Amino acid sequence: MKYRGKVLPITQLGEAVLRAKARPVRNFAAPELERLIADMITTMKQAQGVGIAANQIGFGVRIFVVAPEPNPRYPRAPQMPPLPMINARLVKRSKELTTDWEGCLSIPGLRAKVPRHKEIEIEFFNPDGLRHRAKLSGFVARIFQHEFDHINGLVYMDRVKDRKTFMTEREYRRLHGR
Ligand code: NI
């Protein structure tokens, strides 16, 4: 039996769970783990996200999913199957930063330019409890850093350097695509 996941309400900026540091996963055998990840992916896809953290559906645990694919919110995103990352760590980060647009499902209707490390080295556990190491760059590295911030109680607005880049989603779409 493969659980398909259900659409859950996305927590919104102002809710305490988004500002709390999430706790590590200890029991990888727990059946709830697979269900939580399935609910995260289903909820994210329905909202046209390219990533989601567990606290965005109300669970303060260190799990997020990186899942870029082209959609109306991110027409130029690369295509990648959803990759769940548990207890992730940022091992190395490039000095070089790159600035690009971000939005967040927990902060609907807004976009801004956010500087992020261009290249990162990361470590995480998959849902089977196996440890992985990876080097990420570009948009995928950006998503990782955005989601990693979420599980530490941060949102992209905290990282914005030039606040004048904030714009509404509608205006962003008018200027940057469809
Ligand atoms: Ni977000």
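The present account deals with the structure reproduced in this document. (Residues numbered from 1 in each chain as written. Predicted model: local features only at pLDDT ≥ 70, side-chain atom pairs only at ≥ 80, totals over all residues. Heavy atoms only, no water.)

Description of the side chain of Q145
(1) Moving on: Structurally, Q145 is set in helix α2 (residues 138–151).
(2) Moving on: Residue Q145 is classed as buried on the basis of its relative accessible area, which comes to 6%.
(3) Moving on: Contact partners of Q145, with chain neighbours within four places excluded, come to R116, H117 and I120. (Helix = DSSP H or I, 4+ residues; strand = E, 2+ residues; numbered from the N terminus. Buried < 20%, exposed > 50% of the residue type's maximum accessible area, 1.4 Å probe, protein only. Contact = heavy atoms within 4.5 Å.)

Points about the coordination of the nickel ion
(1) Moving on: Within the protein, C104 (SG), H146 (NE2) and H150 (NE2) serve as the donor atoms for the nickel ion, at 2.1 to 2.3 Å.
(2) Moving on: Each donor residue of the nickel ion belongs to the same chain, with the gaps between them written as C-x41-H-x3-H. Of this pair, C104 sits in the loop between β4 (97–102) and β5 (110–117) while H146 is found in helix α2, placing the two residues 42 residues apart along the sequence.
(3) Moving on: For C104, a relative accessible area of 4% corresponds to the buried category. (Donors = N, O, S within 2.8 Å, 3.2 Å for Na, K, Ca; no water.)

With respect to the nonpolar core
In globular proteins that are soluble, nonpolar side chains generally tend to be buried together.
(1) Moving on: By size, the foremost hydrophobic cluster in this structure holds 20 residues, and its most contacted members are F64, M85, I122 and F144.
(2) Moving on: Among the elements of the structure, β2 (63–66), β3 (83–93), β6 (119–125) and α2 are those that each provide at least two residues to this core.
(3) Moving on: Among the elements that take part in this core, α2 stands out by supplying six residues, more than any other.
(4) Moving on: Counting residues in each nonpolar core, the second largest holds 15 residues, with I41, I52, A54 and I57 among its members. (Core = buried A, V, L, I, M, F, W, Y, C linked by side-chain atoms within 4.5 Å.)

Quick look at the pairing of β3
(1) Moving on: Judged from the four bridges that link them, β2 and β3 form a sheet pairing that is antiparallel. In the strand pairing of β3, V66 is matched with L83.
(2) Moving on: Taken together, the five bridges between β3 and β6 define a ladder with antiparallel strand orientation. Following the sheet pairing, K92 is matched in β6 by E121. (Pairing = 2+ DSSP bridges.)

As for the packing of aromatic side chains
Ring pairs (aromatic) are described by centroid distance and by the angle formed between their planes.
(1) Moving on: Within this structure, the stated rule accounts for six aromatic pairs.
(2) Moving on: Each ring, one from F28 and one from F125, has its centre 5.8 Å from the other, and the planes form 50 degrees; the classification is tilted. Note that F28 is positioned in the segment before α1 (31–46) and F125 in strand β6, a separation of 97 residues in sequence.
(3) Moving on: The class for F28 is partly exposed, based on a relative accessible area of 22%. (Phe/Tyr/Trp six-rings, centres within 6.5 Å; stacked < 30°, edge-to-face > 60°.)

Quick look at the pattern of salt bridges
(1) Moving on: Across all of its chains, the model carries 16 salt bridges by this definition.
(2) Moving on: K45 is the salt-bridge partner of E69, the closest N and O atoms lying 3.3 Å from each other. Of the two residues, E69 is situated in the loop between β2 and β3 and K45 in helix α1; the sequence distance between them amounts to 24 residues.
(3) Moving on: The class for E69 is partly exposed, based on a relative accessible area of 23%.
(4) Moving on: Its relative accessible area of 32% is what places K45 among the partly exposed residues.
(5) Moving on: Where R133 meets E121, a salt bridge forms, and the shortest distance between an N and an O atom there is 3.4 Å. Placement of the pair is R133 in strand β7 (residues 131–137) and E121 in strand β6, with a sequence separation of 12 residues.
(6) Moving on: Relative accessible area serves as the criterion here: at 53%, R133 is assigned to the exposed category.
(7) Moving on: Because the salt bridges share partners, they merge into one network encompassing R89, K92, E121, E123, R131 and R133. (Salt bridge = Lys/Arg side-chain N within 4 Å of Asp/Glu carboxyl O.)

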